[in-house]
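Residues per chain are reported as follows:
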Amino acid sequence: MPKHPARRRSAALRELLRLPPGERVDLAAYDARATPGAPDGKQAALADTERTGRRLAGLQERLWAAGTAGDHRRVLLVLQGMDTSGKGGTVKHVIGQFNPSGCRIHAFKAPTEEEREHDFLWRIRRALPEPGEIGIFDRSHYEDVLIARVRHLAPPATIGSRYGLVNDFERELAEDGVTLVKCFLHISYEEQKRRLLRRLDRPDKHWKFDPGDIDERSLWPAYQEAYELALERCAAPHAPWYVVPADRKWYRNWAVSRLLLEHLRELDPRYPEADFDIAESRERLLKQE
């Protein structure tokens, strides 16, 4: 699926963006400015994203309602990508119309002292969505085969063993009713530089800049290799990876929204039926002064 077509339309965006499991991944072959499956032009995509947001909000409410009645299903959106790829921006734009009561958002930073005392999946398990919820991970368990690999934070044998542990963990989640939507926000080296420069040029963006970002950028080839390995080794039918071109923010937001919409439509959550006598309750209420 290299070099995404710019204007191809498809009812199932999943088919356009899904990485084929078991195949070697070469991120250089994927165009970060492509817009596969998108409406015709930015303005059309923005309007469609707004409509999609309303549909998502309705489906999220149905999922949350079903969870209160014993439906064990839930959704976990995993967002991974290089610095400035837009993980936080995606969270802001994609779930803006969701009911906060049915969402669980977690941004994973460097492990705390307590978290380092446990295995790398311990903190992930604690942040998982409950039945009926949509969970959003801004970074995730994949950091332990990404930055840990690039920065040599663990022995190579330890990191090598984690791919299998991640696969087992995600299989366990799928069997327990979790729908995994794993998105790699694919940004180009050139676009990352432009976004970092904009942060330096705007006082209201200085808080988002860290001089360490420049050091991380110097390790771009190593990070690309680490991502390629993670995408290759941890793609499965129950937990596929989607490569989302992220140089165009409007497309990134549209695509992640559509991916969520497709998965939620497939789940088709339903409002639970009343477990009380509706007519009797109405009569009692009408009799009250």
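The structure this text deals with has already been given above.
Throughout what follows, the structure given in this document is the object of discussion. None of the values given here were measured: they were computed from a predicted structure.

**Considerations on the packing of aromatic side chains**
According to the stated counting rule, one finds six aromatic pairs in the structure shown. A centroid spacing of 4.9 Å and a plane angle of 85° characterise the contact between phenylalanine 108 and phenylalanine 137, whose relative ring orientation is edge-to-face. Placement of the pair is phenylalanine 108 in the loop between strand S2 (103-107) and helix H4 (113-116) and phenylalanine 137 in strand S3 (residues 134-138), with a sequence separation of 29 residues. Here the two residues phenylalanine 108 and phenylalanine 137 agree in accessibility, since each one is buried. For the pair tyrosine 189 and tryptophan 220, a centre-to-centre distance of 5.2 Å together with 70° between the ring planes defines the contact as edge-to-face. Here the residue tyrosine 189 occupies a position in helix H8 (residues 189-201), and tryptophan 220 occupies one in helix H10 (residues 220-233), the gap between them amounting to 31 residues. Among the aromatic residues, those joined into a ring-pair cluster are Trp250, Tyr251 and Trp254. The ring of phenylalanine 120 carries the charged tip of arginine 162 above its face, separated from the ring centre by 5.1 Å. The ring of tyrosine 163 carries arginine 233 above its face, with NZ or CZ at 4.7 Å from the centroid.

So, how was this worked out
Residues numbered from 1 in each chain as written. Predicted model: local features only at pLDDT ≥ 70, side-chain atom pairs only at ≥ 80, totals over all residues. Heavy atoms only, no water. Phe/Tyr/Trp six-rings, centres within 6.5 Å; stacked < 30°, edge-to-face > 60°. Helix = DSSP H or I, 4+ residues; strand = E, 2+ residues; numbered from the N terminus. Buried < 20%, exposed > 50% of the residue type's maximum accessible area, 1.4 Å probe, protein only. Lys NZ or Arg CZ within 6 Å of the ring centre and 35° of its normal.

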